[in-house]
Amino acid sequence: MEFNLFTFVFLLAILTSVLALLWLNFRQDKAINNSFNAVPEGFIESIKLEDHQKAGNYTKAKLLLNHFEIIFSTIVLLIWTLGGVMDSIDSYWSQIILDDDVLMGTIFVLSIMLIASLIDLPFSIYRTFVLEQKFGFNRITIKTFVGDLLKEILLTLILMLPLIYAILFLMNIKSIGSYWWIYVWVIISLFSIIMMWVYPSYIAPIFNKFNPLDNESLKSRITNLLNRTGFGSDGIYVMDGSKRSSHGNAYFTGIGKNKRIVFFDTLLKGMEDKEIEAILAHELGHFHHRHTQKRMLSSFILSFISLAILGYLITQPWFFNGLGVTKSSPHAALILFSLVLPVFSFFITPFSNLASRKHEFQADAFAASHTDANDLISSLIKLYKENSSSLSPDKYYSAFHDSHPSAVLRIERLQ
Ligand SMILES: [Zn+2]
């Protein structure tokens with residue numbers, strides 16, 4: 001391979017991101033240690049020292065695993081690119097499939113996706129059956145775990161095969177000219193809109209059971225809240241999250257008629273009706289402020305910019321050579337770009353999390369104006385306790401990684 005200026009920039013970006021991530025992890029670890037022997041102020045009545053220390057140990061165990069993941073995934077990325085593995089896979093397939101560039105490219109991309117997910121598998125097994133198990137959160141059986149894996153592979157094949165084929169087809173048409181990436185952007189955007197629409201009613205049920213929320217004593221409260229906030233009444237479901245983990249959650253998903261608010265059965269357990277109402281009001285806040293649409297819009301803008309950059313890079317030999325690929329091609333460009341993009345988009349992660357935290361505050365404020373803020377506070381405390389979330393995160397770590405503001409900040413604002 002050729003070591004050019006771009007190789008240098010690439011290595012520098014990797015080094016910067018790895019050092020930054022490890023530094024943030026160390027800060028977080030230190031923050032947990034510093035507050036280990038005392039429950040943070042404001043939680044002394046609601047959280048026992050024992051639970052607080054369990055959350056601390058759980059957070060530390062996750063950080064330790066993350067250290068390994070950061071270093072391991074960096075080595076894998078370097079082997080893929082500068083190590084020449086991608087180049088070898090490329091020349092392997094091009095000797096087998098001779099006269100169809102689009103088909104060859106599609107198989108190349110899928111084989112790399114498959115290998116990458118196999119490399120990731122040991123981490124996923126360790127996280128589920130060792131780490132989560134140790135802290136008593138794991139509920140998934142080996143049978144369900146394997147079943148999930150097979151379903152995911154099958155879904156990827158069914159959904160991604162046509163998409164990748166379509167993208168490579170467009171990239172290979174010579175007559176389209178240098179603006180092929182605009183067509184690709186339209187295809188990707190349409191695909192993600194369709195997925196947003198299809199996911200809640202057709203894909204999520206492949207993995208979980210969804211039942212309409214049918215707690216009678218809750219019904220009148222909820223109907224009342226829905227009338228006040230103008231949300232369609234048939235979109236509230238309970239999901240059997242307990243099949244996989246005892247962590248609880250609630251989320252808002254979908255667009256158009258297929259929008260849903262989903263409660264994990266594990267979240268509802270142990271919550272009072274008024275607390276559930278407050279959580280629902282928070283999710284309705286996301287709906288009211290059109291957060292899904294805003295997130296989609298910003299992802300469309302980002303993918304437009306990314307594809308424009310790819311449209312330029314694909315014509316530059318230094319992009320391929322500098323990353324260990326000897327023969328430039330649309331499929332190599334596509335994979336190289338998707339491998340390298342996270343290294344550079346690392347630098348915008350804190351901004352997207354900042355936007356996400358702003359949305360959480362807006363949803364909290366909405367909930368506080370339509371229900372009693374104290375109910376949301378007590379539900380948040382229960383939620384943080386059940387999930388063993390740290391109550392004393394490091395401020396830089398939190399600013400960079402957290403899509404949700406820390407419990408302390410959310411409760412402070414609600415008060
Ligand atoms: Zn939220």
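Residues numbered from 1 in each chain as written. Predicted model: local features only at pLDDT ≥ 70, side-chain atom pairs only at ≥ 80, totals over all residues. Heavy atoms only, no water.

Student: Quick rundown of the pairing of strand 4 (residues 260–264)? Include the residues and the values.
Tutor: Of all 5 residues that make up strand 4, 5 are buried, and the element is covered over most of its length. Residues R260, V262 and F264 line one face of strand 4 and the alternating positions I261 and F263 line the opposite face, and both faces are buried. In the sheet, strand 3 (residues 250–253) pairs with strand 4 via 4 bridges, with the strands oriented antiparallel. Its bridge partner being in strand 4, A250 is matched across the sheet by F263. Counted between consecutive antiparallel strands, the loop separating strand 3 from strand 4 contains 6 residues, among which G254 sits at a positive phi close to 85 degrees. (Buried < 20%, exposed > 50% of the residue type's maximum accessible area, 1.4 Å probe, protein only. Helix = DSSP H or I, 4+ residues; strand = E, 2+ residues; numbered from the N terminus. Pairing = 2+ DSSP bridges.)

Student: Break down the packing of helix 4 (residues 101–134) against helix 5 (residues 142–172) for me, with residues and values.
Tutor: Across the interface, helix 4 lies against helix 5 with an axial gap of 9 Å and an inter-helix angle of 150 degrees. In terms of orientation, helix 4 and helix 5 fall into the roughly antiparallel class. Where helix 4 crosses over helix 5, the two elements pack in a sense that is right-handed. When its residues are assigned to classes, the contact of helix 4 with helix 5 shows 18 nonpolar, 6 polar and 1 charged. (Axes fitted to C-alpha atoms, helices over the stretch in contact; angles between N-to-C directions. Parallel < 35°, antiparallel > 145°, perpendicular 65-115°, else oblique. Left-handed = near helix turned anticlockwise from the far one by under 90°. Nonpolar A, V, L, I, M, F, W, Y, C, P; charged D, E, K, R; others polar.)

Student: A description of a nonpolar patch on the surface should follow, citing residues and the corresponding values.
Tutor: Where nonpolar side chains cluster on the molecular surface, the patch consists of Y179, I182, Y183, V186, L190, I194, L297, I301, F304, I305 and I309 and spans about 1,000 Å² of accessible area. For I182, the position within the fold is in helix 6 (residues 180–207). (Patch = residues over 30% accessible without salt bridge, like charges linked within 9 Å, V, L, I, M, F, W, Y side chains within 5 Å. Areas by Shrake-Rupley, 256 points an atom, 1.4 Å probe, with all protein chains shown as cover. Salt bridge = Lys/Arg side-chain N within 4 Å of Asp/Glu carboxyl O.)

Student: Could you give me a rundown of the environment of I89, with the residues and numbers involved?
Tutor: If you trace the backbone, I89 turns up in helix 3 (residues 85–96). With 19 residues separating them along the chain, I89 and F108 place their C-alpha atoms 7.2 Å apart. Not counting the four nearest positions on each side in its chain, I89 is found in contact with W80, F108, S111, I112 and I115. (Contact = heavy atoms within 4.5 Å.)

Student: Before we move on, could you go through the environment of N57 and cite the residues and values that matter?
Tutor: With respect to the helices, strands and loops of the structure, N57 is situated in helix 2 (residues 49–80). Excluding anything up to four places from it in sequence, N57 contacts F36 and F135.

Such coordinate-based values are descriptive only and should not be taken to indicate function.
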